[in-house]
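Observations on the three-dimensional arrangement
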Amino acid sequence: MRGERSRFSLAGIIPFIVIGSILFGVGVLIGHFGIPEDSCPSFSSIEDDDISQMMVDECKAENIEENLRQLSSRPHLAGTPAEKENAEMLVNLWTEYGFDSVRLLPYDVLLAYPDPDNPNKVMITENGEVNFTTALKEEILRPEDDHPDVVPPFNAYSAQGEPEGPLVYVNYARAEDFEWLAKNKPEINITGCIAIARYGKVFRGNKVLSAQAEGAIGIILYSDPADYAVDGDVSVYPDSWWLPDTGAQRGNTFVSDAKGDPVTPGYPAKPYMYRLDDADTALPKIPVHPIGYGDAQHLLSELSGDEVTSDWAGSLAVTYRYGPGFINPERKVKMSIHTSREIRTTYDVIGIINGAIEPDRYVLLGNHRDAWVYGAVDPSSGTAVLMEGARVYSQMIKTGWRPRRTVMFCSWGAEEYGLLGSTEFVEEYQKVLGERAVAYINTDIAVRGNFSFRAKSTPLLQGAIYDAAKKVPDGETRERTTYDVWVERLPDNSGSGLPSVNVLGSGSDFAPFMYRIGVPCSDFTYTYDTSLSISSYPVYHSVYETFYTVKMFIDYNFWRHQSVARVMLEFSRNLADSVILPFGVLDYANKLKSSIDNIEDEYGDKMAAQDITFEFVDSALTNFTAAATFFEEELTDIDVNDPIAVRRVNDQMMQLERAFIDPAGLPDRKWLRHVVFAPSSVNYYAGDAFPALVDAMYQIDDDIDQVTRWNAVRKQMAIITFIIQSAASTLTDVTQFG
Ligand SMILES: *[C@@H]1O[C@H](CO)[C@@H](O)[C@H](O)[C@H]1NC(C)=O
Ligand SMILES: *[C@@H]1O[C@H](CO)[C@@H](O)[C@H](O)[C@H]1NC(C)=O
Ligand SMILES: *[C@@H]1O[C@H](CO)[C@@H](O)[C@H](O)[C@H]1NC(C)=O
Ligand SMILES: *[C@@H]1O[C@H](CO)[C@@H](O)[C@H](O)[C@H]1NC(C)=O
Ligand SMILES: [Zn+2]
């Protein structure tokens, strides 16, 4: 594929799009605006509401079910033939649909695989003799779940090695768990030990980094029934959705502000690209390995030391102890890890429907295609939805309709290894996407539970998500709207009367769009009951994440998948087809205000003691809110028949998210450049508002260098003031400078 540059190069066609769009755009604009409504060309003769209803009606649960059955019929791990075959399947399908262009984009990236001839394992040794070995693979509990391509449980990018030492239990291996140990159990020295930690609460990569920083020589991760089999004593897979004791969670362990290919941070993994040596990356320096709770119980049952504090105990039938070391002092734990890191090719598929009037404005919908095993939930529930969305668009186009703006369907490769496909794409096309992408709509796992629709989003798009959810029947009974169930089950806890919309955090492919180049993003899923307090759906990243699981325990009629697909369709249609972009600039102002209020509540007193006030931040906020209010008022008066005026305000709205990008990046995290939102630095999954300020305040009292720390806080307050004021200036009347 490397030779076929012209075929795969988006950059190559850009001049044609631009020239084409100018000529075509002018023609269409004259056509569109220069004549009375009733004699418009065919693509605009169908009213928005009709198209919206047609799209919702056309989207079929049966099709999504069939897509998922196909996609999850075999493993499709990144960098394997199955991943490529699925990519080619989408290229063929979207070409048949009559999309204007379909690209297969290869990237040569660093991936990781266990060695089939030298399986990874954890052992108990006694004087050099092996007394116990963990399972080499998960037990197959239904014959249909067997397939030669099932990769055994492993943690991608683990270091190789055979460390041996005393075992020590570290709860979730969060930064706070190690701090708790240091304070309350100072006699426990992690250095030279192998840590065992339960999965959950934070991204596994952060667990590995924390254990490594404490001097652990290896870390074993397991899924405790307290987090993954809450009613496991009643039943587990295949009788319920709870994780059985042999289930183990695969997953990558790559923590980086850049994400994407670990050896080409910041730049696309093209054949010509310079690649770092592994040792110069942030990949783990210690072996890490996931096991099931059956094996974990065996290891934990032999631990010596004090009994753990109550909130450290999981629900296995053992007395949880810290260690370090076993009751029998002759015994040690030994890891044997031979996972290799290797460069392989992963593929993105981009299917493009050119916009009728603004082909140089892109609305992107994306989902990753690669899975650890069958991936019936992660990500194939989302792939099945994206595929049905693409089919619905193709049907609409056959009626003669065409969206005003370009719509791009994106199928990413190698997300599971750390957002590789999407990040490489954003890196390669950052200039054109930075200028022209209107929004990126992500669905990774489309359905993970049967409770309610849930959205994460920039505040800019939340109003449009509500609007879409109000037009779509909910997936439980189809009798109420998705919005009605959402607002009832997941209300915003501020008492606004609206459904909650969470900050984006990370953990999926929106991250490079949002945090690198400031493209407004949203992420949709249908989720489980939050009162279950589980860290994820139980069979996450295990061999039991099958079509059977989805059909039996999550969404038997696929109505929930359908509701997510329909919300995505209507939301994307609104973004792609509305004359004025459906962005809520005042919603952004309100979110900034509430985030600043939270920070002031939390840190205001401490800051005041250092003579740091909120005077300037508040002034910038007032200015931003005034500019946003003025902008929204002016918007109601805009002449929608004046294409220049329309383009002017749309450009201003497109600029707003980008205005929060600081090219310098966050302190020590230069590839994360969004000043308002970014993944938390102690948990890559979670999001924080004003992350650099929150980081600057983190445990500030314990730092011996108070002067440096408080100066860092002062600097962040100034940057926040600047960025909000600067964003306000993008909303003020463009005929007046500044
Ligand atoms: C492991 O040690 C226990 C207790 O000493 C013993 O009963 C058992 O047979 C040993 N197992 C193996 C596989 O050596
Ligand atoms: C922990 O053990 C290591 C080596 O065994 C030693 O260098 C280090 O000082 C110890 N740390 C503490 C806090 O005792
Ligand atoms: C939702 O799924 C859970 C887990 O499979 C199940 O126990 C529960 O009964 C389901 N609820 C509904 C309303 O289908
Ligand atoms: C807010 O606007 C006022 C009036 O233009 C200006 O004086 C003030 O400096 C602005 N605030 C900031 C933080 O720039
Ligand atoms: Zn995923």
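Model, not experiment: these values are computed from the prediction.

**Considerations on the overall build of the protein**
Scanning the protein from terminus to terminus reveals 23 helices and 20 strands. Taking 27 Å as the expected radius of gyration for a compact globule of 738 residues, we find that the protein reaches 26 Å, a close match to that expectation. By its C-alpha atoms, the protein is 90 × 65 × 55 Å across when sized along the principal axes. Looking at the protein residue by residue over its 738 residues, the buried ones come to 60%. Long-range contacts, defined as pairs at least 24 residues apart, comprise 80% of the intrachain contacts of the protein with a sequence gap of at least 6. Here the protein has roughly 27700 Å² of accessible surface; of this, 51% comes from carbon and sulfur atoms. In the protein, the 63 positive side-chain charges and the 106 negative ones have mean positions that sit 4 Å from each other.

**Remarks on the packing of aromatic side chains**
Throughout the structure, instances matching the rule amount to 38 aromatic pairs. Summarising the aromatic geometry, the rings of W94 and F99 are spaced 5.9 Å apart at their centres and angled 25° between planes, so their arrangement reads as stacked. The exposure classification of W94 matches that of F99, with both residues buried. Ring pairs connect the aromatic residues W94, Y97, F99, Y393, W401 and F409, which therefore count as one cluster.

**Quick word on the coordination of the zinc ion (ligand 5)**
For the zinc ion (ligand 5), every protein donor is listed as H368 (NE2), D378 (OD), D444 (OD) and D444 (OD), and the spread of their distances is 1.9 to 2.5 Å. Seen from the zinc ion (ligand 5), its 4 donor atoms lie at angles of 55 to 143°, and the figure they make is irregular. Sequence spacing of the donors to the zinc ion (ligand 5): H-x9-D-x65-D. A residue pair is termed long-range when its members are at least 10 positions apart, and D378 in the loop between β13 (358-368) and α11 (380-398) and D444 in the loop between β15 (437-442) and β16 (452-457) qualify at 66 residues. D444 carries the same exposure label as D378, and that label is buried.

**Section: the domain arrangement of the protein**
Parsing the protein into structural domains produces domain 1 (49-108 + 342-468 + 503-577), domain 2 (115-338) and domain 3 (585-729). Relative placement of domain 1 and domain 2: their C-alpha centres are 30 Å apart. Facing 40 residues of domain 1, the contacting portion of domain 2 comprises 52 residues. Taken over both partners, the interface formed by domain 1 and domain 2 buries close to 3500 Å², and the fraction arising from carbon and sulfur atoms is 62%. On inspection of domain 1 and its partner domain 2, the count reaches 1 salt bridge.

**Digging into the packing of α11 against helix α18 (residues 559-577)**
Running from amino to carboxyl end, α11 crosses α18 at an angle of 50°, the nearest separation of the two axes being 9 Å. Comparing the axis directions of α11 and α18 gives the class oblique. Crossing angle aside, the handedness with which α11 passes α18 is right-handed. For the pair α11 and α18, the contacting residues are S381, V385, L386, G389, V392 and Y393 in the first and H561, A565, M568, L569, S572 and R573 in the second. Residues that form the contact of α11 with α18 fall into these classes: 7 nonpolar, 4 polar and 1 charged.

**Some remarks on the sheet that holds β13**
The strand order across the open sheet formed by 8 strands is β1-β12-β14-β13-β15-β18-β16-β17, and the pairing between neighbours is mixed. Among the strands making up the open sheet, the edge pair consists of β1 (101-113) and β17 (501-502). Two elements, strand β12 (residues 340-353) and strand β14 (residues 405-412), share 5 bridges in a ladder whose sense is antiparallel. Looking across to β14, one finds that I353 is bridged to V407. Docked against the sheet, helix α12 (residues 420-428) engages β1, β12, β13 and β14, running at close to 120° with respect to β1. Packing of helix α14 (residues 462-470) onto the sheet brings it into contact with β16, β17 and β18 (521-527), and relative to β16 it is tilted by some 160°.

Calculation criteria
- Residues numbered from 1 in each chain as written.
- Chains lettered and ligands numbered in written order.
- Predicted model: local features only at pLDDT ≥ 70, side-chain atom pairs only at ≥ 80, totals over all residues.
- Heavy atoms only, no water.
- Helix = DSSP H or I, 4+ residues; strand = E, 2+ residues; numbered from the N terminus.
- Rg over C-alpha atoms; globule rule 2.2 N^0.38 Å.
- Buried < 20%, exposed > 50% of the residue type's maximum accessible area, 1.4 Å probe, protein only.
- Contact = heavy atoms within 4.5 Å.
- Areas by Shrake-Rupley, 256 points an atom, 1.4 Å probe, with all protein chains shown as cover.
- Lys, Arg positive; Asp, Glu negative; His and termini not counted.
- Charge placed at Lys NZ, Arg CZ, Asp CG, Glu CD.
- Phe/Tyr/Trp six-rings, centres within 6.5 Å; stacked < 30°, edge-to-face > 60°.
- Donors = N, O, S within 2.8 Å, 3.2 Å for Na, K, Ca; no water.
- Tetrahedral: all angles 85-135°; square planar, octahedral: opposite > 155°, others 65-115°.
- Domains from an automatic or database assignment.
- Buried area = accessible area lost by both parts, 1.4 Å probe.
- Salt bridge = Lys/Arg side-chain N within 4 Å of Asp/Glu carboxyl O.
- Axes fitted to C-alpha atoms, helices over the stretch in contact; angles between N-to-C directions.
- Parallel < 35°, antiparallel > 145°, perpendicular 65-115°, else oblique.
- Left-handed = near helix turned anticlockwise from the far one by under 90°.
- Nonpolar A, V, L, I, M, F, W, Y, C, P; charged D, E, K, R; others polar.
- Pairing = 2+ DSSP bridges.

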